[in-house]
Every structure is written in structure tokens, then in C-alpha cells.
Amino acid sequence: MPSVPGLRRRWRRSTASAKDTPRKAPPRPRPRSYYEVAGVPLDEEMQRLRTLPVFAGGPLAKAAPQFKVRRASKRPNRLGFAVPSEHRLSVTAYAGIRRGDILETLLHELVHLHVGRAAEAHAWHGPTFKRTLAQAMREAYLITIPTPRSTLHGTYAEAIERESSFHTSLVGLADPRC
């Protein structure tokens with residue numbers, strides 16, 4: 001067959017077998033400071049939260065998700081995200097973030113990994129998600145507030161902040177040095 005000017009035959013690289021492909025080295029462990037946000041060691045907190053009764057029997061009880069902490073100079077629109085199909089989550093630390101903010105975000109994303117996309121109206125933040133988040137907040141931080149109508153960030157963060165300041169004031173009262 002005569003060659004056509006201007007056309008080149010593209011050669012594909014042959015796909016190497018799994019034996020021939022070099023294996024990636026396992027990821028290096030992150031330094032402790034990577035997970036430290038607002039004085040909270042998030043890696044340790046995530047491991048504690050995974051053991052809550054609300055998550056028993058679910059994917060979180062079986063394996064730890066991939067976990068990343070993103071950094072931003074100011075408060076972003078998206079404080080975190082979860083990808084249940086890949087069993088991974090991410091939270092964003094920003095300037096001025098409070099303990100309650102990061103704890104609420106972390107637990108919110110863990111609930112997404114546990115519940116996934118529910119087969120109901122408002123699949124991501126519907127009744128199943130809200131009920132599970134409320135139960136997780138009770139178990140994790142002893143927060144019992146009426147279930148918020150909205151899943152916008154802040155309601156549980158405020159309650160966590162109030163609860164932690166209350167416990168801090170009680171510790172101060174019990175301190176014999178006072």
C-alpha cells in the first residue's frame with residue numbers, strides 16, 4: 001500500500017505486564033505538624049471518631065480513610081469534602097479556624113463516608129445524613145441540640161466551642177491553684 005504524505009503511523013507503547021511495572025514506594029508518613037490544626041491532632045481524633053458506636057459495622061470501622069489536610073490563607077467556601085467511593089476525605093485549615101470548626105468539619109466528612117449517597121431526597125444532606133451526624137455529635141462531643149434544618153457549617157461548631165469553654169471553666173474552678 002502506498003504511503004500517504006503527511007500521515008504518520010503512531011506507535012503505541014506496549015502495555016507492560018504487572019510484573020514489569022515498577023511498584024510505587026509506599027507514601028512517606030506525614031510529620032505530626034501536618035495534622036495539627038487549632039491545637040487538635042486530627043489524625044488521632046479521626047482514629048478516635050472511627051471507633052464511635054454510630055460507625056460500627058460501616059466502612060470506617062473496617063479501615064481508616066485516606067486523609068488530607070489542605071491549607072488556605074482565608075476561610076474557603078468548601079471546608080472539606082469526602083469521596084465515599086474512594087474512601088478518602090479532606091478538611092481545610094485556614095487562618096483563624098477554631099477548635100469547634102475543625103472538629104465539626106472532620107466529623108461531618110466522616111459521616112459522609114459512613115452514609116454515602118442515600119437513596120432519598122437530598123441524597124448527600126438528607127434525613128439519614130442529619131440523623132447520623134446528630135448521633136455522632138452526641139457520642140463524640142456530648143452535643144445534644146435540636147437537629148439543625150440546614151447542614152451549613154457552624155451550628156455544631158458553636159455548640160462544641162460552648163461545651164469546651166464550659167469544661168475549661170470547670171477545670172479552672174477545680175484547680176487548687178485558683
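Residues numbered from 1 in each chain as written. Predicted model: local features only at pLDDT ≥ 70, side-chain atom pairs only at ≥ 80, totals over all residues. Heavy atoms only, no water.

Colleague: Account for the confidence of the model for the protein chain, naming residues and giving values.
Modeller: With 80% of its residues at a pLDDT of 70 or more, the protein chain shows a mean pLDDT of 85. Segment residues 169–178: pLDDT under 50, and 1 contact once partners within four positions in sequence are set aside and those in other chains are kept. (pLDDT = per-residue confidence, 0-100. Contact = heavy atoms within 4.5 Å.)

Colleague: Describe unusual backbone geometry, and please don't skip the residues or the numbers.
Modeller: Of note in this structure, A38 is not a glycine but carries a positive phi near 55°. Its location among the elements puts A38 in the loop between strand 1 (36–37) and strand 2 (40–41). On the basis of relative accessibility, which here comes to 37%, the residue A38 falls in the partly exposed class. If you check the backbone angles, H122 has positive phi at about 55° while not being a glycine. Relative to the assigned elements, H122 resides in the loop between helix 4 (99–115) and helix 5 (127–141). By relative accessible area, which is 65% here, H122 ends up exposed. (Helix = DSSP H or I, 4+ residues; strand = E, 2+ residues; numbered from the N terminus. Buried < 20%, exposed > 50% of the residue type's maximum accessible area, 1.4 Å probe, protein only.)

Colleague: Kindly report on the packing of aromatic side chains, identifying the contributing residues and their values.
Modeller: On inspection of all chains with the given rule, the structure shows 2 aromatic pairs. With a centroid separation of 4.8 Å and an interplanar angle of 90°, the aromatic rings of Y34 and Y35 are classed as edge-to-face. Take Y34: its relative accessible area is 14%, and that puts it in the buried class. Judged by relative accessible area, which is 14%, Y35 ranks as buried. Members of the aromatic cluster, joined through ring pairs, are Y34, Y35 and F67. (Phe/Tyr/Trp six-rings, centres within 6.5 Å; stacked < 30°, edge-to-face > 60°.)

Colleague: Lay out the environment of E163 with the relevant residues and their values.
Modeller: Position of E163 among the secondary structure elements: in helix 6 (residues 155–174). E163 sits 20 residues away from I143 along the chain, and the two C-alpha atoms are 7.7 Å apart. In contact with E163, not counting residues within four places along its chain, are Y141, L142 and I143.

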